[in-house]
Each structure stands twice: as structure tokens, then as C-alpha cells.
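Structure assessment
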Amino acid sequence: MLTQRNIVLTATLGSAALLLGALYFQYFQDLAPCKMCIWQRWPHGIAIALGLIALALPRREIMLLAGLVVLAGAGIGLYHAGVEQHWWQGPNTCTSGDISGMSTEDLLDQILAAPVVRCDEIVWSFLGLTMAAWNAVLSLGLAALWMLAAKR
């Protein structure tokens, strides 16, 4: 039965599963996260906390907030997926960026200061979608669940 409590529990467990999945890939599959991967984890952590609060105090406002937080996470995932596909440029501290017009010294400084894991490289995909894209799709579904819970 789709009670409000069951929907909140499902959405909370969904964010927990995505967060645990990311940690699994990091620690057991040696796929170190880039900066944008870390950004995508925060909304799920916040949604888990809000979900626990909503289970104890089932308020519509809490559920709406959780839905908006997860929706923001979907946006981050979509942005990251676009960076991976080179549809748009990501943060300069996370991608290769444009090196034209740089002096050799500036280029060397950028290389030495660059993070080991780049946001614009695809390190894993399934059915043609990268991990960031899957996070965006699944987060949209979780946001819909939160909105459904708030409506009940």
C-alpha cells in the first residue's frame, strides 16, 4: 500500500542506496570521485536526514524540501553528465579547460595543480549512461516520490 510513510521510506532508502552505491564504486571498485561526483552526494545525504525527520515528524514542508534538494542533485548530475559528454565546460579546477594562449610555465603550473580525477572523463557507464547521468535520472524519480509523499 502506498501510504505517505511508505513513500517517504522508499525515497529515503533510494537516496541511501545511491549514496552507498557511490561509496561502493569508490572503495571497492577503485573509482575515485571527482569534485562534481562529491557535489552529487550532498543532496542525498541531506535527503536521508530529511527523510528520517519526516518519518518521525511527517510534515508536508519537510517532504517538499527533501524533494527540492534531490531535484537540485538531479541538476548537478545532469550538469556533470554534460561536462562528461563535452556538451559544455565544467569548472576549471575539474576539467582540462582551454590551454590556448598559456605560457609553458602557466601550463606546467596548471598540470601540477590539477586534481588526479577529472570531471570531464567518463570512468563508468551502463546502457549508454554515465554514473552522473544515472544519478540524474534516479534523482528525478526520487524527487517525484518526495512530491507524491508531500501531496498525500
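Fair warning: this is a prediction, and the values are worked out from it, not measured in the lab. (Residues numbered from 1 in each chain as written. Predicted model: local features only at pLDDT ≥ 70, side-chain atom pairs only at ≥ 80, totals over all residues. Heavy atoms only, no water.)

What about the overall build of the protein chain?
Tallying secondary structure elements over the protein chain gives 5 helices and 2 strands in all. Going from N to C terminus, the protein chain has its helices and strands arranged as α-α-α-α-β-β-α. The burial tally for the protein chain puts 36% of its 152 residues in the buried class. In the protein chain, the share of contacts with a sequence separation of at least 24, taken over all contacts with a separation of at least 6, comes to 75%. By element, 68% of the accessible surface of the protein chain is carried by carbon and sulfur atoms, the whole surface being about 9000 Å². (Helix = DSSP H or I, 4+ residues; strand = E, 2+ residues; numbered from the N terminus. Buried < 20%, exposed > 50% of the residue type's maximum accessible area, 1.4 Å probe, protein only. Contact = heavy atoms within 4.5 Å. Areas by Shrake-Rupley, 256 points an atom, 1.4 Å probe, with all protein chains shown as cover.)

Digging into the nonpolar core
Residues V8, L50, A54, M63, V70, W146 and A149 are the most contacted members of the largest nonpolar core, which totals 17 residues. With residues near it in sequence (within four places) discarded, A54 still touches V8, I62, M63 and W146. Core analysis: the next-biggest nonpolar cluster, separate from the first, contains 5 residues, C34, M36, C94 and C119 among them. (Core = buried A, V, L, I, M, F, W, Y, C linked by side-chain atoms within 4.5 Å.)

With respect to the pattern of salt bridges
Counting across every chain of the model gives 1 salt bridge. Measuring nitrogen to oxygen at the nearest pair gives 3.3 Å for the salt bridge that ties R59 to E61. By relative accessible area, which is 43% here, R59 ends up partly exposed. Residue E61 is classed as partly exposed on the basis of its relative accessible area, which comes to 48%. (Salt bridge = Lys/Arg side-chain N within 4 Å of Asp/Glu carboxyl O.)

Thoughts on the side chain of S15
Position of S15 among the secondary structure elements: in helix 1 (residues 4-28). Looking at S15, the relative accessible area reads 0%, which means it is buried. At 3.0 Å, the side chain of S15 and the side chain of H44 are in polar contact. With near-sequence residues (within four places) excluded, S15 lies in contact with H44, A47, I48, V70 and L142. (Polar contact = N/O pair within 3.5 Å; in protein donor to acceptor, adjacent residues only side chain to side chain.)

Focus on unusual backbone geometry
The phi torsion at H86 lies on the positive side, around 65 degrees, for a residue other than glycine. Along the chain, H86 turns up in the loop between helix 3 (60-84) and helix 4 (104-113). Exposure remark for H86: the relative accessible area of 55% places this residue in the exposed category. Of note in the backbone geometry, L127 takes a positive phi value of approximately 55 degrees without being a glycine. Among the residues examined, L127 registers a relative accessible area of 68% and is labelled exposed.

Section: the environment of P91
Within the secondary structure layout, P91 lies in the loop between helix 3 and helix 4. Here P91 falls in the buried class, since its relative accessible area comes to 16%. Separated by 28 residues in sequence, P91 and C119 place their C-alpha atoms 8.4 Å apart.

Let's talk about the environment of L64
On the secondary structure map, L64 appears in helix 3. By relative accessible area, which is 26% here, L64 ends up partly exposed. Here L64 is in contact with M147 and A150, once residues within four sequence places are set aside.

A few points about a nonpolar patch on the surface
Taken together, the side chains of I38, W39, W42, I46, Y79, W87 and W88 define a hydrophobic patch exposed on the protein surface, amounting to about 760 Å² of accessible area. The dominant element in the nonpolar patch, judged by the number of residues it contributes, is helix 2 (residues 35-56), at 4 residues. Summarising the element assignment, W42 is placed in helix 2. (Patch = residues over 30% accessible without salt bridge, like charges linked within 9 Å, V, L, I, M, F, W, Y side chains within 5 Å.)

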